[in-house]
Amino acid sequence: MADERGGGEDNINDNMGNQLQLLPDNEEEEEEDDMETEDRDSEEAEKPNIITFDPSLPTSHAYLGSDMEEFHGRTVHDDDSCQTIPVLPHTSVMLVPGQTLPLQLFRPQEVSMMRSVIQRDRTFAVLAHSDAVEPEAEFGTTAEIYAYREEQEYGIETVKVKAVGRQRFKVHEIRTQADGIRQAKVQILPERILPDPLSAVQLTPLSRLHVHPSSKPPTQSCKQAQCWWNNYQQRKFHCASLTPWPPWVYALYDSESLMNRVKKQLHEWDENLKDDSLPTNAVDFSYRVAACLPIDDALRLQLLKIGSAIQRLRCELDIMDRCTSLCCKQCQDTEITTKNEIFSLSLYGPMAAYVNPHGYVHETLTVYKANNLNLVGRPSTLHSWFPGYAWTIAQCRTCGSHMGWKFTATKKDLSPPRFWGLTRSAMLPRIPQSEGEDGRGGSRLFCL
């Protein structure tokens with residue numbers, strides 16, 4: 001993970017700035033903080049029946065301050081139009097449209113760029129770097145600022161920002177100005193809306209048989225909901241009898257059917273997930289799922305290149321079906337957790353981006369249980385992304401790479417009493433190779 005930082009002068013310490021530099025009372029406490037301890041709570045950890053933590057707290061990013069200036073409105077560029085947008089430097093985040101990006105910037109170049117962006121349309125570019133695939137970024141996502149704050153800490157001007165991903169783009173060229181700020185000439189990539197796969201054989205007189213998803217009655221049991229869905233599917237694909245193909249073939253390219261299948265997978269990953277918190281639009285839904293998947297940059301870049309929500313959902317389903325566990329990216333053999341341990345503690349879903357005091361952004365996945373990790377230092381509540389929980393640095397037991405944090409509740413009535421936050425950049429999804437796939441890279445390409 002040290003390589004992902006850009007190296008050199010940015011290396012504040014071996015933990016990527018994840019451990020706050022606290023002043024110990026004496027030398028004995030300092031030695032105690034540096035000691036590694038083996039975690040044993042995971043062996044006895046059980047999933048709680050009820051979560052009492054407020055999931056809206058992480059989404060507010062209260063650790064950035066409560067008096068930020070908020071902006072309203074939205075900047076949308078025309079599809080296929082060419083725009084010149086300033087590039088955010090020193091970032092390792094591969095932003096997805098709809099994903100929230102918190103930032104703490106203190107380099108003079110970054111502060112100057114953000115001041116200029118605020119005066120214009122509040123939009124900047126986040127390049128999609130993937131060292132495993134492409135040395136130079138060819139794609140990226142525009143980000144729009146919706147909250148902003150300037151302050152001085154210890155005489156250093158600091159800018160705190162909340163931004164959200166908007167539109168995908170393809171990079172044409174990047175030029176560096178005299179002040180060191182890079183400007184990218186990009187082409188805004190459109191979202192291709194595919195027609196209904198049975199639109200060519202739809203019979204107008206039979207349109208009265210169609211059932212709209214909004215007509216679904218509120219049901220109490222899963223069995224009743226499944227019966228309604230089966231009836232809805234039967235009516236929706238009744239025209240398939242006029243074609244050589246069975247209905248299930250058309251369901252493979254139907255956005256509603258794909259969204260329903262993805263929701264079932266999400267509920268298997270996270271029993272506490274509520275459908276009301278998910279977007280109803282297929283495009284927004286596909287991006288929300290992409291932002292929550294604990295995959296590496298190479299796979300996320302694949303999703304970012306896809307220009308159709310239906311194809312993106314098919315690819316995400318393939319990943320979710322085949323991903324069994326998450327292992328250390330450095331070791332590639334040490335299993336850290338399984339997909340059955342994933343759960344949501346935020347309205348964003350099981351994974352969201354957070355920024356630490358040193359300005360490093362971590363996309364953090366919340367899981368109930370993690371294995372093969374050592375804890376470093378003592379618990380601390382300073383700058384906690386989850387109010388009410390104290391964090392402790394967690395490292396891979398095999399190679400010592402920073403994997404994330406263990407969060408422990410500071411109050412007895414808070415549930416879950418403990419959980420793990422794993423940083424996406426340190427994890428690698430374990431995807432077994434399917435039958436018929438030959439070669440080491442075969443299992444890394446999905447539905448493309």
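Residues numbered from 1 in each chain as written. Predicted model: local features only at pLDDT ≥ 70, side-chain atom pairs only at ≥ 80, totals over all residues. Heavy atoms only, no water.

Chemist: Quick rundown of the side chain of Arg-300? Include the residues and the values.
Modeler: Within the secondary structure, Arg-300 sits in helix H8 (residues 297–305). By relative accessible area, which is 1% here, Arg-300 ends up buried. Here Ala-291 takes part through its backbone oxygen, which lies 3.4 Å from a polar atom of the side chain of Arg-300. Setting aside residues up to four positions removed in sequence, Arg-300 forms contacts with Met-94, Val-96, Gln-99, Ala-290, Ala-291, Leu-293, Ile-295, Met-351, Glu-363 and Arg-424. (Helix = DSSP H or I, 4+ residues; strand = E, 2+ residues; numbered from the N terminus. Buried < 20%, exposed > 50% of the residue type's maximum accessible area, 1.4 Å probe, protein only. Polar contact = N/O pair within 3.5 Å; in protein donor to acceptor, adjacent residues only side chain to side chain. Contact = heavy atoms within 4.5 Å.)

Chemist: Describe the packing of aromatic side chains, naming the residues involved and giving the relevant values.
Modeler: All chains considered together, the criterion is met by 11 aromatic pairs. Ring geometry for Trp-385 against Trp-405: centres 4.9 Å apart, planes inclined by 80 degrees, an arrangement best described as edge-to-face. In this pair, Trp-385 sits in the loop between strand S13 (373–380) and strand S14 (389–396) while Trp-405 sits in strand S15 (residues 402–409), placing the two residues 20 residues apart along the sequence. The exposure classification of Trp-385 matches that of Trp-405, with both residues buried. Ring geometry for Phe-386 versus Phe-407: centroids 5.1 Å apart, planes at 75 degrees, classification edge-to-face. (Phe/Tyr/Trp six-rings, centres within 6.5 Å; stacked < 30°, edge-to-face > 60°.)

Chemist: Describe the pattern of salt bridges, listing the residues and the values that go with them.
Modeler: On inspection of all chains with the given rule, the structure shows 16 salt bridges. With its nearest N and O atoms 3.0 Å apart, the salt bridge here joins Glu-144 to Arg-122. Residue Glu-144 is located in strand S6 (residues 139–153), and its partner Arg-122 is located in the loop between helix H3 (108–119) and strand S5 (123–127); the two are separated by 22 residues in the primary sequence. Take Glu-144 and Arg-122: they sit in the same class, and that class is buried. The partner of Asp-297 in a salt bridge is Arg-424, with the nearest N and O atoms 2.8 Å apart. Residue Asp-297 is located in helix H8, and its partner Arg-424 is located in the loop between strand S16 (418–423) and strand S17 (427–430); the two are separated by 127 residues in the primary sequence. Judged by its relative accessible area of 4%, Arg-424 is buried. Among the charged side chains, a network of salt bridges with common partners joins Asp-67, Arg-149, Glu-151 and Lys-160. (Salt bridge = Lys/Arg side-chain N within 4 Å of Asp/Glu carboxyl O.)

Chemist: Describe in detail the nonpolar core, supporting the description with residues and values.
Modeler: In terms of nonpolar packing, the biggest core is built from 46 residues, with Val-262, Leu-266, Phe-285, Leu-373, Met-403 and Trp-420 touching the most fellow members. Those residues within four positions of Phe-285 in sequence are excluded, and the remaining contacts are Met-259, Val-262, Lys-263, Leu-266, Leu-278, Pro-279 and Leu-313. Grouped together as the second largest cluster of nonpolar side chains are 44 residues, Leu-64, Ile-118, Val-361 and Phe-386 included. (Core = buried A, V, L, I, M, F, W, Y, C linked by side-chain atoms within 4.5 Å.)

Chemist: Would you mind going over helix H9 (residues 309–322) in detail, with residue names and values included?
Modeler: One turn of an α-helix holds 3.6 residues; hence residues three or four places apart share an orientation. Between its first and last C-alpha atoms H9 spans 20 Å; for 14 residues at 1.5 Å apiece the expected length is 20 Å, and the two agree. Judged by how many residues are buried, H9 sits mostly within the fold: 12 of 14 residues are covered. Residues of H9 that are buried: Ala-309, Ile-310, Arg-312, Leu-313, Arg-314, Cys-315, Glu-316, Leu-317, Asp-318, Ile-319, Met-320 and Arg-322. In this structure, the buried side of H9 is in contact with strand S7 (156–176), helix H6 (255–269), helix H7 (282–292), H8 and S17. A side-chain oxygen of the first residue of H9 lies 3.4 Å from the backbone nitrogen of Ile-310; this N-cap is Ser-308. (Expected span 1.5 Å × (residues − 1).)

Chemist: Summarise unusual backbone geometry; cite the residues concerned and give the values.
Modeler: Geometrically, the link from Ser-415 to Pro-416 is a cis peptide bond, its omega value of 5 degrees lying close to zero. Relative to the assigned elements, Pro-416 resides in the loop between S15 and S16. Positive phi, close to 50 degrees, is recorded for His-61, a residue that is not glycine. Residue position: His-61 is located in the loop between helix H2 (56–60) and strand S2 (69–70). Note on His-61: relative accessible area 0%, which makes it buried. Backbone geometry at Asn-372 places phi at a positive 60 degrees, although glycine is not the residue there. Its relative accessible area of 29% is what places Asn-372 among the partly exposed residues.

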